[in-house]
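Listed here are the chains, written in short residue letters.
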Amino acid sequence: MAANDSLFNATTHATPEVEQSKDFWVIKIVFYCIILLGSSLGNSLVIYIIASNVRMRTPSNYLIMNLAVCDFVTPVLSIPFDFVLEEHKYVWIYGASMCKILWPLTTLSSTSAALTLAAISLDRYRVIMHPFKARLTMVKIKCIIVGTYLFCLLMVTPYSYVLGLKGNECGEIWPDISYKKYYTLSLFSVQYCLPLTFMIVMYSLALKNLYTTTDKTSTRKAEKEQAEMSSASRHSSTSAEPKLKKVSSTVRLVRKLSSTVRRGTTEANKRATKMFLAIVVVFTICMFPNQALWLWADFSNVADSPNFLKAVIVCWLFTYSNSVCNPVIYAVFSRDFRRGFKRAFKKAFCLRHRHRRVFNPDLVATLTTELKSVAGTDIERRKRKKGSVEAPKLYLL
């Protein structure tokens, strides 16, 4: 989530020149640049791919686009301003209004990202557990997004209220220290604990149903094939009517096509679920250090530790890294996003699309072969039937 901005108040008592070595400063600058560039470029491409492609503008992808917006905003509002403050020994130079706006905005965007991930897990649960129910419409998705932002705005309002200038520093002014601890616990629950628990439950139930259904389908298919083979062996000596054979071949083709579609849908659900599971794992790993340090700082006196400032910056780097990882995960697990990234890069570098494949070539080849075989068999039967009917007519004439 967003960096624990109140930690700035604790770190102002430490001198950055004493705490940060030259090597640490260089490594910090390198990571800041990589994270800011990677997050801005990757999430901008995700937003562009969804907004520019009509086929990608689905309700589920609008949740992904909202997540990309949050991942784009958080580092942009945090890294440049944080770096300037670190270089100025945490002396606030942005004015009283920015003191009440800047950090609450980053907290709002990061909290919205966590709740958006929870909404995505709910959508995946509905798709897998209840495939025949109506999916979330665009209106419902927009209501969820707006409701998420309103709730996050409500959550950061107390934070913005207690922020103020104390001399040349921007810090929290609470009427009592217990209020600060309660607010820290509430933000920890909303930003990390509750969304993570909800996502674990949703994806666990969805994966259990997905793989259980796949196993049942495979078992049923094997039993059906065995029954058909035994039935064919019993009736191999008997001949069937051409019309019955024609109907049987058509039925077999329809069954095979429907089986292929079901298998493709199941595999697509598996890939999408694995992609979002990877996002949840990255979310858990990247957000935990900052959340743990946040609680530790507010419930104990660790700010006087000589390495506390370094720990704060490292935790912030973990937090910002989450914004870079999500576009990479999309490119690894999603074929649509890979194609979108390729098209965007080709368009940016003025390269032409020489080959454009819309469908899976293996699936198209398989279906074409099946259709040709059935069509050829039907044509031969019609020819034989026509010859057997026309010969008596010629003989009678």
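Just so we're clear, the structure is a prediction, and the values are computed from it rather than from any experiment.

Caption draft 1: Spatial organisation of the overall build of the protein. Looking only at helices and strands, the protein has 11 helices and two strands in total. From first element to last, N terminus to C terminus, the protein shows the α and β order α-α-α-α-α-α-β-β-α-α-α-α-α. For the protein, restricting intrachain contacts to residue pairs at least 6 apart in sequence, the fraction spanning at least 24 positions comes to 83%. Accessible surface, the protein as shown: approximately 23200 Å² in total, 66% of it carbon and sulfur.

Caption draft 2: View of the nonpolar core. With 38 residues, the main nonpolar core has Val46, Ile64, Ile120, Phe276, Phe283, Tyr330 and Phe337 as its most contacted residues. Those elements giving two or more residues to this core turn out to be helix H3 (22-52), helix H4 (59-87), helix H5 (96-129), helix H6 (138-162), helix H7 (177-234), helix H8 (242-299), helix H9 (308-333) and helix H10 (335-348). If one sorts the elements of this core by residue count, H8 sits on top with nine residues. Leave out the neighbours within four places in its chain, and Phe276 touches Ile64, Ile120, Arg124 and Tyr203.

Caption draft 3: Summary view of the packing of aromatic side chains. For the coordinates displayed, the defined rule picks out 10 aromatic pairs. Taking 5.1 Å as the distance between ring centres and 85° as the angle between the ring planes, the aromatic pair formed by Trp92 and Tyr94 counts as edge-to-face. On the basis of relative accessible area, Tyr94 is assigned to the partly exposed category, the value being 21%. Consider the rings of Tyr192 and Phe288, whose centres lie 6.4 Å apart with planes at 45°: the pair is tilted. Residue Tyr192 is located in helix H7, and its partner Phe288 is located in helix H8; the two are separated by 96 residues in the primary sequence. Relative accessible area serves as the criterion here: at 6%, Tyr192 is assigned to the buried category. Aromatic ring contacts, followed pair by pair, group Phe81, Trp92, Tyr94 and Trp103 into a single cluster.

Caption draft 4: Geometry of a nonpolar patch on the surface. Among the surface-exposed residues, Tyr179, Tyr182, Leu185 and Phe299 lie close enough to one another that they form a single nonpolar patch of about 440 Å² accessible area. By residue number, the principal contributor to the nonpolar patch is H7, which donates three residues. Its location among the elements puts Leu185 in helix H7.

Caption draft 5: Looking closely at the side chain of Ser39. Among the secondary structure elements, Ser39 is positioned in helix H3. Setting aside chain neighbours within four positions, we find Ser39 in contact with Ser44, Asp71, Phe72, Pro75, Ser323 and Val324.

Caption draft 6: Region of interest: the state of the cysteines. In this structure the tally under the stated criterion is one disulfide. Paired through a disulfide, Cys99 and Cys170 show a sulfur-sulfur distance of 1.8 Å. An S-S torsion of about 85° defines the bridge between Cys99 and Cys170 as right-handed. Taken as a pair, Cys99 in helix H5 and Cys170 in strand E2 (residues 169-172) lie far apart in primary sequence, 71 residues in all. Here Cys325 is not cross-linked by a disulfide; its sulfur's nearest cysteine counterpart is in Cys286, at 4.8 Å.

Caption draft 7: Layout of the packing of H4 against H5. Closest axis-to-axis distance for the H4/H5 pair is 9 Å, and the angle between their directions is 150°. As far as their axial angle goes, H5 and H4 are roughly antiparallel. Of the two possible hands of crossing, H4 and H5 adopt the one that is left-handed. Residues of the contact of H4 with H5, tallied by class, amount to 16 nonpolar, nine polar and three charged.

Caption draft 8: Looking closely at the pattern of salt bridges. What the rule picks out here adds up to four salt bridges. Ionic pairing is found between Arg55 and Asp336, a salt bridge with its closest N-O pair at 3.4 Å. In this pair, Arg55 is assigned in the loop between H3 and H4 and Asp336 in helix H10, connecting sequence segments 281 residues apart. A salt bridge links Arg135 to Asp123; its shortest N-O distance comes to 3.8 Å. A residue pair is termed long-range when its members are at least 10 positions apart, and Arg135 in the loop between H5 and H6 and Asp123 in helix H5 qualify at 12 residues. On the accessibility criterion, Asp123 (4% relative accessible area) is buried.

Caption draft 9: Region of the structure containing unusual backbone geometry. A positive phi is found at Lys89, a non-glycine position, where the angle reads about 60°. Tracing the backbone through its elements, the reader meets Lys89 in the loop between H4 and H5.

Caption draft 10: Expanded view of the pairing of E2. The pairing of strand E1 (residues 163-166) with E2 spans four bridges and is classified as antiparallel. The residue bridging Gly164 from the neighbouring strand is Gly171, located in E2. Connecting E1 to the next strand, E2, in antiparallel fashion are two residues, including Gly167 with a positive phi near 75°.

Caption draft 11: Region of the structure containing a positive patch on the surface. A contiguous patch of positive charge, built from Arg271, Arg335, Arg338 and Lys342, is present on the exposed surface. Looking at the positive patch, the element that brings in the most residues is H10, giving three residues.

Caption draft 12: Seen up close, the confidence of the model for the protein. On average, residues of the protein score 78 in pLDDT, and 67% of them are at 70 or above. Per-element confidence in the protein ranges from a low mean pLDDT of 44 for helix H2 (residues 16-19) to a high of 95 for H6. Confidence drops under a pLDDT of 50 for residues 1-18, and excluding neighbours within four residues, the segment shows 56 contacts in the predicted structure. This stretch, residues 239-247, has a pLDDT under 50; its non-local contacts, to residues over four places away or in other chains, come to five contacts.

Caption draft 13: Inspection of H4 at higher detail. The terminal C-alpha atoms of H4, which comprises 29 residues, lie 43 Å apart, in line with the 42 Å expected from a rise of 1.5 Å per residue. Where H4 ends, the next residue or the one after it, Lys89, has phi of about 60°, a positive value.

Conventions used here
- Residues numbered from 1 in each chain as written.
- Predicted model: local features only at pLDDT ≥ 70, side-chain atom pairs only at ≥ 80, totals over all residues.
- Heavy atoms only, no water.
- Helix = DSSP H or I, 4+ residues; strand = E, 2+ residues; numbered from the N terminus.
- Contact = heavy atoms within 4.5 Å.
- Areas by Shrake-Rupley, 256 points an atom, 1.4 Å probe, with all protein chains shown as cover.
- Core = buried A, V, L, I, M, F, W, Y, C linked by side-chain atoms within 4.5 Å.
- Buried < 20%, exposed > 50% of the residue type's maximum accessible area, 1.4 Å probe, protein only.
- Phe/Tyr/Trp six-rings, centres within 6.5 Å; stacked < 30°, edge-to-face > 60°.
- Patch = residues over 30% accessible without salt bridge, like charges linked within 9 Å, V, L, I, M, F, W, Y side chains within 5 Å.
- Salt bridge = Lys/Arg side-chain N within 4 Å of Asp/Glu carboxyl O.
- Disulfide = S-S within 2.5 Å.
- Axes fitted to C-alpha atoms, helices over the stretch in contact; angles between N-to-C directions.
- Parallel < 35°, antiparallel > 145°, perpendicular 65-115°, else oblique.
- Left-handed = near helix turned anticlockwise from the far one by under 90°.
- Nonpolar A, V, L, I, M, F, W, Y, C, P; charged D, E, K, R; others polar.
- Pairing = 2+ DSSP bridges.
- Lys, Arg positive; Asp, Glu negative; His and termini not counted.
- Charge placed at Lys NZ, Arg CZ, Asp CG, Glu CD.
- pLDDT = per-residue confidence, 0-100.
- Expected span 1.5 Å × (residues − 1).

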